[in-house]
Amino acid sequence: MSSEETAAPSKAAPDDDGMTWWYRWLCKIAGVLGGISCAVSGVWNCVTVNPLNIAAGVWMVLNAFVLFLCEVPFCCQFIEFANAIAARADKLKPWQKALFYCGMALFPVFLSFSITTLFGNAIAFATGVLYGLASLGKKGDAVTYARLQHQKQGDEERTAGTVNGAPE
């Protein structure tokens with residue numbers, strides 16, 4: 001084996017998370033739209049005298065910042081550590097991103113339940129759901145599934161035949 005053959009699988013393994021290019025872009029676009037909706041709704045939510053609404057609004061603006069930082073770091077070029085955080089976020093598995101984004105989006109809703117917090121965090125929560133669906137993996141085709149079922153039935157018949165047909 002040459003050094004090129006050993007280097008190729010290790011280079012492709014971390015980047016391969018089972019997501020197609022268009023689904024990856026869909027998740028990124030949902031993250032950007034979720035960040036925009038969180039930012040606008042968070043600022044709107046801060047225009048009040050209720051301290052829980054203000055806290056939820058500040059959290060929503062923080063959610064927007066984190067979504068922009070993780071999904072589109074070129075929007076945060078003025079921050080020195082933006083590329084390092086984006087690189088670390090890209091290394092996360094889809095289920096970890098899903099858990100993080102959904103948890104981030106649910107906290108302001110539990111803090112101050114209102115139409116503004118509910119609709120403002122809906123797209124950010126949907127981004128987490130998209131990443132969660134990506135963690136389930138690709139859908140299998142019917143031919144492969146039928147082949148596996150046929151093989152499973154054959155294995156069961158062989159084990160039943162050896163148990164019942166075994167000489168004593």
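Please read all numbers here as calculations on a predicted model, not as lab measurements. (Residues numbered from 1 in each chain as written. Predicted model: local features only at pLDDT ≥ 70, side-chain atom pairs only at ≥ 80, totals over all residues. Heavy atoms only, no water.)

A. Molecular detail of helix 3 (residues 51-71). The terminal C-alpha atoms of helix 3 lie 30 Å apart, and with 21 residues this matches the ideal 30 Å at 1.5 Å per residue to within 8%. For helix 3, the complete set of buried residues consists of Asn 53, Ala 56, Gly 57, Met 60, Asn 63, Ala 64, Val 66, Leu 67, Leu 69, Cys 70 and Glu 71. Contacts from the buried residues of helix 3 go to helix 2 (21-45), helix 4 (82-91), helix 5 (94-111), helix 6 (115-120) and helix 7 (122-136). Between the side-chain oxygen of the N-cap and the backbone nitrogen of Leu 52 there are 3.3 Å, and the N-cap of helix 3 in question is Asn 50. (Helix = DSSP H or I, 4+ residues; strand = E, 2+ residues; numbered from the N terminus. Expected span 1.5 Å × (residues − 1). Buried < 20%, exposed > 50% of the residue type's maximum accessible area, 1.4 Å probe, protein only. Contact = heavy atoms within 4.5 Å. Polar contact = N/O pair within 3.5 Å; in protein donor to acceptor, adjacent residues only side chain to side chain.)

B. Representation of the side chain of Ser 41 within the structure. Tracing the backbone shows Ser 41 in helix 2. A residue is classified by how much of its surface remains accessible, and Ser 41, at 15% relative accessible area, is buried. A distance of 3.0 Å separates a polar atom in the side chain of Ser 41 from the backbone oxygen of Ser 37. Beyond its immediate sequence surroundings of up to four residues, Ser 41 is in contact with Met 60, Thr 116 and Gly 120.

C. The arrangement of the packing of helix 2 against helix 3 in detail. Where helix 2 contacts helix 3, the two axes come as close as 7 Å, and the packing angle between them is 155°. Relative to helix 3, the element helix 2 lies roughly antiparallel. Crossing handedness for the pair helix 2 and helix 3: left-handed. Here the contact of helix 2 with helix 3 is composed, by residue class, of 14 nonpolar, nine polar and two charged. (Axes fitted to C-alpha atoms, helices over the stretch in contact; angles between N-to-C directions. Parallel < 35°, antiparallel > 145°, perpendicular 65-115°, else oblique. Left-handed = near helix turned anticlockwise from the far one by under 90°. Nonpolar A, V, L, I, M, F, W, Y, C, P; charged D, E, K, R; others polar.)

D. Structural context of the pattern of salt bridges. Across all of its chains, the model carries three salt bridges by this definition. For Lys 28, the salt bridge is made with Glu 71, and the minimal N-O distance between the two is 3.8 Å. Note that Lys 28 is positioned in helix 2 and Glu 71 in helix 3, a separation of 43 residues in sequence. Two residues, Lys 97 and Asp 90, come together in a salt bridge whose shortest N-O distance is 3.9 Å. Connected through shared salt-bridge partners, Lys 28, Glu 71, Asp 90 and Lys 97 make up one network. (Salt bridge = Lys/Arg side-chain N within 4 Å of Asp/Glu carboxyl O.)

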